[in-house]
Amino acid sequence: MENTEERERATMLLTWPVDTVWRITSPYGERVHPVTGIRTFHSGIDIGCPEGTPIFAPCPGICMDIWNDEKHGGGLSMRWRGYLVRDGKEHEVRFGFAHLLKVDDAVVNKRSQWRKAGTLLAYSGGVPGTPGAGRSTGAHLHMTLYIDGNRVDPCDVSNWNVVLRGGK
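Criteria and thresholds
- Residues numbered from 1 in each chain as written.
- Predicted model: local features only at pLDDT ≥ 70, side-chain atom pairs only at ≥ 80, totals over all residues.
- Heavy atoms only, no water.
- Pairing = 2+ DSSP bridges.
- Helix = DSSP H or I, 4+ residues; strand = E, 2+ residues; numbered from the N terminus.
- 1 Å grid on protein atoms, 1.4 Å probe; cavity = no way out; pocket = protein on both sides within 12 Å on 5 of 7 lines; lining within 4 Å.
- Points joined across faces, edges and corners; volume = space filled by probe spheres on them.
- Core = buried A, V, L, I, M, F, W, Y, C linked by side-chain atoms within 4.5 Å.
- Buried < 20%, exposed > 50% of the residue type's maximum accessible area, 1.4 Å probe, protein only.
- Contact = heavy atoms within 4.5 Å.
- Polar contact = N/O pair within 3.5 Å; in protein donor to acceptor, adjacent residues only side chain to side chain.
- Phe/Tyr/Trp six-rings, centres within 6.5 Å; stacked < 30°, edge-to-face > 60°.

It is worth spelling out the pairing of strand E9 (residues 89-103) at this point. Where E9 meets strand E11 (residues 140-147), 6 bridges bridge the pair, whose relative direction is antiparallel. Looking across to E11, one finds that Phe97 is bridged to Met143. Judged from the 3 bridges that link them, E9 and strand E10 (residues 120-124) form a sheet pairing that is antiparallel. Paired with Val103 across the two strands is Ala122, which belongs to E10.

Shown next as structure tokens:
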């Protein structure tokens, strides 16, 4: 594991959570929900990808929560030990992933352990009727992004820098 001084000096870009560029099947914002048919606000993006696609950490951090519920299926949330730098200001960053077929055993067994960017976190799901699907019409990854506690469109931060801070 890198030391605190190296983490404090490091600067990197956020990476995409899947290693192939899949199509965004449902963008952030208002939409008609494909399962309920009700117009609602979609608080993240849906990335269409085959069931079992590996999901990787877009930047370093720790897993905050792992769940499985009727609406979101399997999911996990991550808090990054870094801040997005925008307009000369630092912002706290958190990600959430939903419709997961399986969370990697290393993440489940050592939830609060530091994860490097690119570390395997989970596998995508979303196929209706399978474990972790939740309310879904097909295989995909749902990704949410919080900056300073507010949800934002994950596509809006693709060119921001992440400045890592020391500590756990």
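Right, picking up where we left off after that structure.
Of the pockets and cavities examined, the largest pocket occupies roughly 620 Å³. Lining the largest pocket are 33 residues, with His42, Ser43, Lys71, His72 and His142 positioned closest to its centre. Counting only elements with at least two residues in the lining of the largest pocket, the list comes to strand E2 (24-26), strand E4 (39-42), strand E7 (62-69), strand E8 (73-86), E9 and E11.

Note on soluble globular proteins: their nonpolar side chains tend to be buried together. Membership of the largest hydrophobic core comes to 24 residues, with the highest contact counts inside it found for Leu76, Phe97, Leu100, Leu121 and Leu141. Every element with two or more residues in this core is listed here: strand E5 (45-48), E8, E9, E10 and E11. For this core, the leading source of residues is E9, giving 5 residues. Among all residues touching Leu141, those that are not within four sequence positions of it are Pro17, Val18, Ile45, Asp46, Ile47, Cys49, Ile55, Phe97, Ala98 and Leu100.

With respect to the helices and strands, His99 occurs in strand E9. Of the polar contacts made by the side chain of His99, one reaches the backbone oxygen of Ala133; its length is 2.5 Å.

A separate point is unusual backbone geometry. If you check the backbone angles, His99 has positive phi at about 65° while not being a glycine. Of note, Asp148 is a non-glycine position whose phi angle comes to about 55°, a positive value. Inspection of the secondary structure assignment puts Asp148 in the loop between E11 and strand E12 (150-152).

Glancing now at the packing of aromatic side chains. The tally for this structure, following the rule as stated, stands at 3 aromatic pairs. Relative to Phe95, the ring of Trp80 lies with its centre 5.8 Å away and its plane at 65°, an arrangement referred to as edge-to-face. Taken together, the residues Trp80 in strand E8 and Phe95 in strand E9 connect sequence positions 15 residues apart. The two residues Trp80 and Phe95 agree in class, both being buried. Geometrically, the ring pair formed by Phe95 and Phe97 is stacked, given 6.2 Å between the ring centres and 5° between the ring planes.

The values are spatial; any link to function lies outside them.
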